[in-house]
Amino acid sequence: YRATDKGLLGGSIELVVAPHGSGSKWLANLSVGDFVDLIGPLGTAFGIPTTPANTMLIGGGYGSAPLFALAETLKNRGCRVDMVLGASTANKIYAPLEGKRSVSSLTLTTDDGSAGIHGQITESIPRLIREFNTEVIYSCGPMKMLESINRIASDFDIVHQCSVEESMACGIGVCMTCVVPVRIDNEVKMLRTCIDGPVMDGAQIIWNAENEGGNI
Ligand code: FES
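Quick caveat, the model's predicted, so the values are computed rather than measured.

About the thresholds
- Residue indices follow the written sequence of each chain, beginning from 1 at its first position.
- Local features in this predicted model are restricted to residues of pLDDT 70 or higher, and side-chain atom pairs are both shown and tallied only at a pLDDT of 80 or more, whereas totals for entire chains, interfaces and linings draw on every residue.
- The basis for the side-chain values is all heavy atoms of the structure; hydrogens and waters are excluded.
- We define a salt bridge as a side-chain nitrogen of Lys or Arg found within 4 Å of a carboxyl oxygen belonging to Asp or Glu.
- Going along the chain from the N terminus, every DSSP run of H or I of four or more residues is numbered as a helix, and every run of E of two or more is numbered as a strand.
- Here's how the labels work: a residue is buried when its accessible area is under 20% of the maximum for its type, exposed when over 50%, partly exposed in between, all with a 1.4 Å probe on protein chains only.
- Working rule for helices: expected span equals 1.5 Å times residues minus one.
- This arc is taken over the directions from the axis of the helix to the C-beta atoms.
- Any pair of Phe, Tyr and Trp rings, taking the six-membered ring for Trp, is counted once the centres come within 6.5 Å. Such a pair is stacked with planes under 30 degrees apart, edge-to-face with planes over 60 apart, and tilted for the rest.
- The start and end points of each domain follow an automatic or database-based domain assignment.
- We call two residues contacting when some pair of their heavy atoms lies within 4.5 Å.
- Defined here as a combined quantity, buried area equals the accessible surface (1.4 Å probe) lost by two parts on assembly, summed across both.
- We define a polar contact as two N or O atoms separated by no more than 3.5 Å, with the added condition that, inside protein, one atom must be a possible hydrogen donor and the other a possible acceptor, whereas residues neighbouring each other in sequence contribute only through side-chain atom pairs.

Side note on the pattern of salt bridges
Turning to step 1, where the next piece is worked out: The full count for this structure, using the stated rule, is four salt bridges.
Turning to step 2, where the next piece is worked out: Here Lys144 makes a salt bridge to Glu147, at a shortest N to O gap of 3.4 Å. Placement of both Lys144 and Glu147 in helix α4 (residues 143–156) is noted, with a separation of three residues, approximately one turn of the helix.
Turning to step 3, where the next piece is worked out: On the basis of relative accessible area, Glu147 is assigned to the buried category, the value being 15%.
Turning to step 4, where the next piece is worked out: Salt-bridge contacts for Arg151 lead to Glu147; the nearest nitrogen and oxygen are separated by 3.5 Å. Residue Arg151 and its partner Glu147 are both found in helix α4; the two are separated by four residues, about one turn of the helix.
Turning to step 5, where the next piece is worked out: Accessibility expressed as a relative area gives 48% for Arg151, which makes it partly exposed.
Turning to step 6, where the next piece is worked out: One salt-bridge network, held together by shared partners, links Lys144, Glu147 and Arg151.

Okay, here's the thing in structure tokens:
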């Protein structure tokens, strides 16, 4: 989502919803003028560098939705903002026109080659990091994509903040459906991504938890 101080009634919140589960289908089927109860904002937000930095924003599919507001904030702080958006096919790339004005460069990739560079988004990232001298990566999208980006960020020794995509039921820290394992100071903890995330330090997440078996 993104919140702006502009809008018909003085302020607005935009939600991008992919109608996959029953809750998102219900939301997507509402009509203009319907009222909804909202609790929010919940969880953590992307951290902003204290001094201008070269940033790369990477979005997979509809995961690009929160990155446009972030791009605006980073640009206003004097950061260079390079955005990379990828999806399986062209019509799954979410890139609103006004969002493109906040970025220094926009690279598109599609798995089927129907728009931008042909191939998976992660294949282009190392070259772009070198080209733009990236210092901080922000990402949002499917967990497999975030894991691959984290590996690249670690190879380049770059800070990686990712907004994780976990199933969430309550959103307020009660049900424990959204936990991910993290390692902090050599201690393994299960963090609730609804309140300790969704934005987390990619270097702390134990991405291959299923392979670590009894170690967690
Ligand atoms: S969604 Fe219920 S604890 Fe996170």
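Overview of helix α3 (residues 121–132)
Turning to step 1, where the next piece is worked out: Relative to the 16 Å expected for twelve residues at 1.5 Å per residue, α3 spans 16 Å between its end C-alpha atoms, a close match to the ideal helical length.
Turning to step 2, where the next piece is worked out: Along α3, the positions that sit buried rather than exposed are Ile121, Thr122, Ser124, Ile125, Leu128, Ile129 and Phe132. All buried residues of α3 lie within an arc of 145° about the axis, which places them on one face of the element. The exposed residues of α3 that point more than 90 degrees off its buried face are Glu123, Arg130 and Glu131.

Structural notes on the environment of Gly11
Turning to step 1, where the next piece is worked out: Tracing the backbone through its elements, the reader meets Gly11 in the loop between β1 (2–4) and β2 (12–14).
Turning to step 2, where the next piece is worked out: By relative accessible area, which is 39% here, Gly11 ends up partly exposed.

A closer look at the packing of aromatic side chains
Turning to step 1, where the next piece is worked out: Enumeration over the complete set of coordinates arrives at one aromatic pair.
Turning to step 2, where the next piece is worked out: Taken together, a centroid distance of 5.5 Å and an interplanar angle of 85° make the contact between Phe46 and Tyr138 edge-to-face. You can see Phe46 sitting in the loop between α1 (22–28) and β3 (54–60) and its partner Tyr138 sitting in strand β7 (residues 136–140), a full 92 residues away along the chain.
Turning to step 3, where the next piece is worked out: Among the residues examined, Phe46 registers a relative accessible area of 15% and is labelled buried.

Observations regarding the domain arrangement of the protein chain
Turning to step 1, where the next piece is worked out: If you check the domain split of the protein chain, you get domain 1 (44–165) and domain 2 (167–216).
Turning to step 2, where the next piece is worked out: Here the C-alpha centre of domain 2 lies 22 Å away from the C-alpha centre of domain 1.
Turning to step 3, where the next piece is worked out: With 13 residues of domain 1 at the contact, the number on the domain 2 side is 14 residues.
Turning to step 4, where the next piece is worked out: Roughly 1100 Å² is buried in total at the junction of domain 1 and domain 2, and carbon and sulfur atoms are behind 59% of that figure.
Turning to step 5, where the next piece is worked out: The tally of links between domain 1 and domain 2 comes to zero salt bridges.
Turning to step 6, where the next piece is worked out: Our count for the domain 1 to domain 2 interface comes out at six residue pairs in polar contact (both at pLDDT 80 or more).
Turning to step 7, where the next piece is worked out: Those elements that place two or more of their residues in the side of domain 1 that touches domain 2 are α4 and β8 (159–163).

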